[in-house]
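Geometric and topological summary
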Amino acid sequence: MKKKILLLYTGGTIGMIKNQKSGALEPFPFRDIYAHLPMLKLLDAEIIFKELLPLIDSSDTNPDFWIRLAKEIHQHYHEMNGFVILHGTDTMAYTAAALSFLLENLSKPVILTGSQLPLGVMRTDGRENILNSIEIAADYHNDKPRVPEVCIYFENALYRGNRTYKDNAEQFHAFTSSNYPKLAEIGIYVKYNDNYINKPEQQPLILHTEMDDNIAIMKLYPGMTSNLVSSIFSTPGLRAVIMESFGAGNAPTNESFLALLKNYIDQGGIVVNVTQCKGGGGVELGKYENSFHLANIGVTSGADMTTEACVAKLMYLLGQGLNNEEVKKWLQIPLRGEMTV
Ligand code: ASP
């Protein structure tokens, strides 16, 4: 029996063509995909196509879009063996992280992919990315999917989605997962890294449909003024701030900065500390004196979470109607393999 794969097209470079007048890239209708990818018909999987209209450049994604996507997967969950989502690369890591939180107890593959060059271009990377994603999504062993989690497939590698970030706007190798090994490497064979792939217990899928976007990202830099910090914390309705700190979680120790942080936390705000270092490692509060102060005033460690995963996790947790202490607790506990503690 062929595995049934729902191929959801949301937009992005992969399906773009040049606008005749402006010369800018814009999405083309998905019904043309067979013209660009006739070998789709040869795959050993039954592919069901669906466009999520309007097609978008992924810079336009937002929590409503993530929830809509999660609902689509939930709606077709029982009929399908796996899901492949064609998505722009720019915010693919955010969408992957968001889906991982919105789809609790997921036990089927949800693979996001896209491309750096449109499918209509001769040297496109989209062809390999789509075909391999479908093949992996349809790969079952002893009636169980090989990768029952939200992943990103790109340039011969499969990653845990909520561990990735886009780190290249030009090379085909667009994604990296610095703090978690690849789930599979694709050459002549697909080599699964089984020890690192989620092994879910068979429990019913739970769809979450609430996210709270009252958060901010505050990237620290030398010379950042107190005025700026203060205006971020004074944003009406702001419930949490992701502080992108230096190195292993360090921040300035000047009194006005620490007072602003403390005041915001004392008044019920949440500050999560993640590192600006993309290449590996995470926050270790107290390792240096500069971060010791942060722990004392109630800053929460985001450990080795990416900023992308932290955005999604915070919006998800804040949307669950939890109180601050619960949100802070869950922030520090891996919920979908998004952090190492
Ligand atoms: N701007 C495009 C997008 O993210 C880029 C891409 O697809 O690679 O939708």
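The coordinates are above.
Quick summary incoming for the structure in this document. Model, not experiment: these values are computed from the prediction. (Residues numbered from 1 in each chain as written. Predicted model: local features only at pLDDT ≥ 70, side-chain atom pairs only at ≥ 80, totals over all residues. Heavy atoms only, no water.)

Let us look at empty space enclosed by the protein. One pass over the structure, following the stated rule, counts one cavity of 30 Å³ or more. One number sums up the size of the largest cavity: a volume of about 120 Å³. What lines the largest cavity is a set of 13 residues, among which Asn-179, Cys-277, Lys-278, Met-305 and Thr-306 lie closest to the centre. (1 Å grid on protein atoms, 1.4 Å probe; cavity = no way out; pocket = protein on both sides within 12 Å on 5 of 7 lines; lining within 4 Å. Points joined across faces, edges and corners; volume = space filled by probe spheres on them.)

As a further point, take the packing of helix H3 (residues 92-102) against helix H8 (residues 307-318). Look at H3 against H8: their axes get within 8 Å of each other, and the N-to-C directions meet at 35 degrees. For the pair H3 and H8, the crossing hand works out as right-handed. Facing Ala-93, Tyr-94, Ala-97, Ala-98, Phe-101 and Leu-102 of H3, the residues of H8 in contact are Glu-308, Ala-309, Val-311, Ala-312, Lys-313 and Tyr-316. (Axes fitted to C-alpha atoms, helices over the stretch in contact; angles between N-to-C directions. Helix = DSSP H or I, 4+ residues; strand = E, 2+ residues; numbered from the N terminus. Left-handed = near helix turned anticlockwise from the far one by under 90°. Contact = heavy atoms within 4.5 Å.)

A word on the sheet that holds strand E17 (residues 215-219). The strand order across the open sheet built from four strands is E17-E18-E19-E20, with neighbouring strands paired in parallel fashion. Every interior strand has two partners, whereas the edge strands, E17 and strand E20 (300-301), have only one. Sheet analysis places strand E18 (residues 240-245) next to strand E19 (residues 270-275), joined by six bridges and oriented parallel. In the strand pairing of E19, Ser-245 is matched with Thr-275. Helix H9 (residues 324-331) rests against E19 and E20 of the sheet, and its axis sits at about 15 degrees to E19. (Pairing = 2+ DSSP bridges.)

Moving on, we get to the nonpolar core. Counting residues in hydrophobic clusters, the biggest one holds 55 residues, and the most contacted among them are Ile-73, Leu-99 and Leu-314. By residue number, the principal contributor to this core is H8, which donates nine residues. Apart from residues lying up to four places away in sequence, Ile-73 is in contact with Leu-8, Phe-83, Ile-85, Leu-99, Leu-103 and Val-110. Within the second largest apolar cluster, 31 residues are counted, among which are Val-84, Leu-86, Val-147 and Tyr-180. (Core = buried A, V, L, I, M, F, W, Y, C linked by side-chain atoms within 4.5 Å. Buried < 20%, exposed > 50% of the residue type's maximum accessible area, 1.4 Å probe, protein only.)

Turning to the layout of surface pockets, a few remarks are in order. Taken as a whole, the largest pocket encloses approximately 390 Å³ of empty space. The wall of the largest pocket is formed by 20 residues, among which Leu-106, Asn-198, Pro-200, Leu-335 and Arg-336 lie closest to the centre. Of all the secondary structure elements, the ones that give two or more residues to the lining of the largest pocket are H3 and strand E6 (103-104). Of the residues that constitute the lining of the largest pocket, the class distribution is eight nonpolar, seven polar and five charged. Lining the second largest pocket are Ser-107, His-141, Lys-144, Pro-145, Arg-146, Pro-148, Asp-194, Ile-197, Asn-198, Lys-199, Pro-200 and Gln-202. Its residues assigned to classes, the lining of the second largest pocket comprises four nonpolar, four polar and four charged. (Nonpolar A, V, L, I, M, F, W, Y, C, P; charged D, E, K, R; others polar.)

Strand E1 (residues 3-11) sits mainly inside the fold: eight of its nine residues count as buried. Strand direction decides the pairing type here: E1 and strand E4 (residues 45-56), joined by eight bridges, are parallel. Following the sheet pairing, Lys-4 is matched in E4 by Glu-46. Bridge count for E1 against strand E5 (residues 82-86) is five bridges, and the pairing is parallel. Paired with Ile-5 across the bridge in E5 is Gly-82.

By secondary structure assignment, the location of Thr-89 is in the loop between E5 and H3. In contact with Thr-89, not counting residues within four places along its chain, are Ser-58, Ser-115, Gln-116, Phe-154, Lys-166 and Phe-175.

With that settled, consider the site of the ligand. In the neighbourhood of the ligand, the contacting residues comprise Gly-12, Thr-13, Asp-57, Ser-58, Gly-88, Thr-89, Asp-90 and Ser-115. One of the side-chain nitrogen or oxygen atoms of Ser-58 is found 2.5 Å away from an oxygen atom of the ligand. Thr-89 is positioned with one of its side-chain polar atoms (N or O) 2.3 Å from an oxygen atom of the ligand. Here the ligand has 260 Å² of accessible area as a free molecule, and 90% of this is covered by the chains. Partitioning the shell around the ligand into residue classes produces no nonpolar, six polar and two charged. (Near = heavy atom within 4 Å. Polar contact = N/O pair within 3.5 Å; in protein donor to acceptor, adjacent residues only side chain to side chain. Areas by Shrake-Rupley, 256 points an atom, 1.4 Å probe, with all protein chains shown as cover.)

Spatially, eight strands are ordered E4-E1-E5-E7-E10-E11-E14-E15 in an open sheet, and the strand pairing comes out mixed. In this open sheet, the two edge strands, each paired with only one partner strand, are E4 and strand E15 (190-192). Taking each pair of neighbouring strands and ignoring which way they run, the sheet shows an average axis angle of 20 degrees. Of the strands in this sheet, E5, strand E7 (110-113) and strand E10 (150-154) touch H3, which is tilted by about 155 degrees from E10.

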